[in-house]
Amino acid sequence: MNHLKTFALLAALTAIFMGIGYMIGGATGMLIALVIAGGMNLFSYWNADKIVLRMYRAQPVDESHPNAVVRTYVADTLQMARDAGMPRPMIAIIPNDQPNAFATGRNPENAAVCATTGLLDMLTREEIRGVMAHELAHVKNRDTLTMTVTATIAGAIAALANFALFFGGGDDRERPGGIIGTLALMILAPMAAGLVQMAISRAREYEADRVGAEIAQDPNALASALQKIEAYAKRIHNPTAERNPASGQLFIINPLAGKGADNLFSTHPATGNRVRALTELAMKMGRTPMRPAPLMGAAVPAAPPRPASTAVPTSDATGPNIKRGPWG
C-alpha cells in the first residue's frame, strides 16, 4: 500500500508540473513540461546521489580509518547490512556539528549512507546503530531514489511556477487562465507540490523506522536517538541544508530546525509520533519500552565536551577534525 501511495503521489507531482506547462503554453507547453519532467527524472536517477554527496562534502571511510569511533561506526553499519542481506553500501562521514544522517543512491547496489561528525560525537554506539539501521532500511526499501526524484521535481515546480509569472496571461489563446490564473498557479502549485512531497516523505520515514528497528533489533535505541537529534538540531546550524532546503527530506530529522526554518510543509513526521510507534514495536518484540522523553518545552541537552587531545584528522585536509566520541 505504501508503494502504491508513493507511485500515486509521484504521478501527482508530474501532473502539477504538466499543469504549469499547460498554463504557460497550452497543449504544447504541457508536452514540453512532460519531456522536461522525464529528463529530470532520468538525470536524477543517474546523478542525484553524486550531487548530494558532493554538496555535503561527504568523505568515504572504511575499516582502516585512524579514529576508533569511525571504525566502529563502519563495522556496525557493514554488519547490519550483511545481516539484512544487503550489498555493501558506501559509508561516509559529513563534516557538520549537527547530529544527523541520510542515505542516497539509485538502488541498493549503488547506495551510500552518511553520518555527520556531530552524530558520532553526541550519540551512544547503540543509538548510532539505530540511526544507521534506519538509513539502511531506506536503501533496502529503495526510498533513496524516490525521495531524490521527489525533491528534484518539487524544486522544479517552484522554479517553473515563478517562471510562469512572466509568460502567463495576455491575449494568447493557448495560455488559458490569463494573468489571474497564472498568479493563482504560481502561488498554489508550489504549495501543492510541498504537500505531496511531505506526504511521500512521511510515509517513507515511518516505514524506515519500523524496518530499521528490526535490522538493529533495538527500537528503543532509535527512539532515543530521534529525540536527541531533534533536540540538538534546534540549536546547531546546518548551513548546507539551509542553502539547499529541498535536500532536507533526505535526513532522518529535519536539518532546517537549527535556524528556525519555516516548517509549514515539513517533510518529516512529528518525532513524538515516531517514538510512540517505536515504543509499540519494542513491546511487540518483547523488549521493555523506554519512557519517551518530553520534547515540547524540554531543556536542550548540552553537547558533550570534545577534548582536543583525542582529535583525529579525517582524510579531507580541508574539513574539520573528527573527535573521539564518548564511547570511543
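First things first, this report covers the structure right here in the doc.

Description of the side chain of N238
When you line up the elements, N238 lands in the loop between α7 (219-233) and α8 (239-243). Setting aside residues up to four positions removed in sequence, N238 forms contacts with Y56, N96, Q98, F251 and P255.

So, helix α4 (residues 125-140)
Across its 16 residues, α4 extends 22 Å between first and last C-alpha, which sits within 8% of the 22 Å expected from 1.5 Å per residue. With respect to burial, α4 is a largely interior element, 13 of its 16 residues being buried. Directly after α4, the chain includes R142, whose backbone phi takes a positive value near 60°.

Comments concerning the pattern of salt bridges
Evaluated as defined, the whole model comprises nine salt bridges. The partner of R204 in a salt bridge is D143, with the nearest N and O atoms 2.8 Å apart. Placement of the pair is R204 in helix α6 (residues 178-216) and D143 in helix α5 (residues 143-164), with a sequence separation of 61 residues. Like D143, R204 is buried. Between E207 and R210 there is a salt bridge; the shortest N-O distance is 2.6 Å. Within this pair, E207 and its partner R210 are both found in helix α6, separated by three residues, close to a single helical turn. Relative accessible area serves as the criterion here: at 35%, R210 is assigned to the partly exposed category. Salt bridges sharing partners connect three or more residues here, namely D76, R125 and R129.

Some details on the nonpolar core
Ranked by internal contacts, the top residues of the largest apolar core, which has 45 residues, are Y73, L119, L120, L123, V131, M132 and I215. Residues contacting L119, with those up to four places away along its chain left out, are Q98, P99, N100, A101, I128, V131, M132 and I229. Residues A92, F102, C114 and M147 belong to the second largest nonpolar core, which totals 14 residues.

Brief notes about a nonpolar patch on the surface
On the surface, L31, L34 and V35 cluster together into a nonpolar patch covering about 280 Å² of accessible area. As for its placement among the helices and strands, L34 is situated in helix α1 (residues 2-55).

Digging into the packing of α4 against α7
Relative to each other, α4 and α7 sit at 95°, their axes nearing to 8 Å. In terms of their interaxial angle, α4 and α7 are classed as roughly perpendicular. Taken together, the residues of α7 that come into contact with α4 (itself represented by E126, E127, G130, V131 and H134) are A221, L222, S224, A225, K228 and I229. Along the lines of polarity and charge, the residues of the contact of α4 with α7 split into five nonpolar, three polar and three charged.

Things to note about the pairing of strand β3 (residues 101-105)
Within β3, five of the five residues are buried, which leaves the element mostly enclosed by the surrounding structure. Residues A101, A103 and G105 of β3 are buried on one face, and the alternating residues F102 and T104, pointing to the opposite face, are buried as well. Judged from the five bridges that link them, β3 and strand β4 (residues 111-116) form a sheet pairing that is antiparallel. Bridge pairing in β4 places G105 opposite A111. Between β3 and the antiparallel strand that follows it, β4, lie five residues.

Describing helix α2 (residues 68-83)
Along its 16 residues, α2 runs 22 Å from first to last C-alpha, staying within 8% of the 22 Å computed at 1.5 Å per residue. All of the buried residues along α2 are A68, V69, V70, Y73, V74, D76, T77, L78, M80 and A81. Its side-chain oxygen placed 2.8 Å from the backbone nitrogen of V69, N67 serves as the N-cap of α2. G85 sits one or two positions beyond α2 and adopts a positive phi of about 70°.

Brief notes about the packing of aromatic side chains
Enumeration according to the criterion identifies three aromatic pairs in this entry. Ring geometry for Y56 versus F102: centroids 5.6 Å apart, planes at 55°, classification tilted. Of the two residues, Y56 is situated in the loop between α1 and β1 (59-60) and F102 in strand β3; the sequence distance between them amounts to 46 residues. As far as burial versus exposure is concerned, Y56 and F102 are alike and both buried. Note on F102 and F251: the rings are 5.0 Å apart at their centroids and 70° apart in plane angle, and the pair reads as edge-to-face. Highlighted residues: F102 in strand β3 and F251 in the loop between α8 and α9 (271-284), separated in sequence by 149 residues. Owing to a relative accessible area of 0%, F102 belongs among the buried residues under this scheme. On the accessibility criterion, F251 (1% relative accessible area) is buried. Members of the aromatic cluster, connected to one another through ring pairs, are Y56, F102 and F251.

About the cut-offs
Here the residue numbers are simple positions, counted from 1 along each chain's written sequence. Side-chain atom pairs in this predicted model are given and counted only at pLDDT of 80 or more, local residue features only at pLDDT of at least 70, and totals for whole chains, interfaces and linings cover all residues. Neither water nor hydrogens contribute to the side-chain values; these are computed over all heavy atoms in the structure. To qualify as a helix, a DSSP run of H or I must reach at least 4 residues; to qualify as a strand, a run of E must reach at least 2; elements of each kind are numbered from the N terminus. Only heavy atoms matter for contacts: two residues are in contact if any of them lie within 4.5 Å across the pair. Every helix has an expected span of 1.5 Å times one less than the residues it contains. Burial classes: relative accessible area under 20% of the type maximum marks a residue as buried, over 50% as exposed, and values in between as partly exposed (1.4 Å probe, protein chains only). Put simply, a salt bridge is a Lys or Arg side-chain nitrogen that is within 4 Å of an Asp or Glu carboxyl oxygen. Residues belong to one nonpolar core when they are buried, are Ala, Val, Leu, Ile, Met, Phe, Trp, Tyr or Cys, and are joined through side-chain atoms within 4.5 Å. Surface patches are drawn from residues lacking salt bridges whose relative accessible area is over 30%; two like charges belong together within 9 Å, two nonpolar side chains (Val, Leu, Ile, Met, Phe, Trp, Tyr) within 5 Å. For every accessible area listed, the method is Shrake-Rupley and the probe measures 1.4 Å; residues are considered covered only by the protein chains on display. Structural elements are reduced to axes, namely lines fitted to C-alpha atoms, with helices fitted over the stretch in contact, and the angle between N-to-C directions of any two is expressed from 0 to 180 degrees. Every angle not falling under 35 degrees, over 145, or within 65 to 115 is termed oblique; those three ranges are roughly parallel, roughly antiparallel and roughly perpendicular. Throughout, the ten residues Ala, Val, Leu, Ile, Met, Phe, Trp, Tyr, Cys and Pro are labelled nonpolar, Asp, Glu, Lys and Arg are labelled charged, and all others, Gly among them, are labelled polar. Being paired, for any two strands, means DSSP has found at least two bridges between them. In protein, a polar contact means a hydrogen-donor-capable atom and an acceptor-capable atom, both N or O and within 3.5 Å, with residues adjacent in sequence counting only if both atoms are side-chain atoms; elsewhere, any N or O pair within 3.5 Å suffices. Pairing of aromatic rings covers Phe, Tyr and Trp, the last through its six-membered ring, and needs centres within 6.5 Å; plane angles under 30 degrees mean stacked, over 60 mean edge-to-face, and all others mean tilted.

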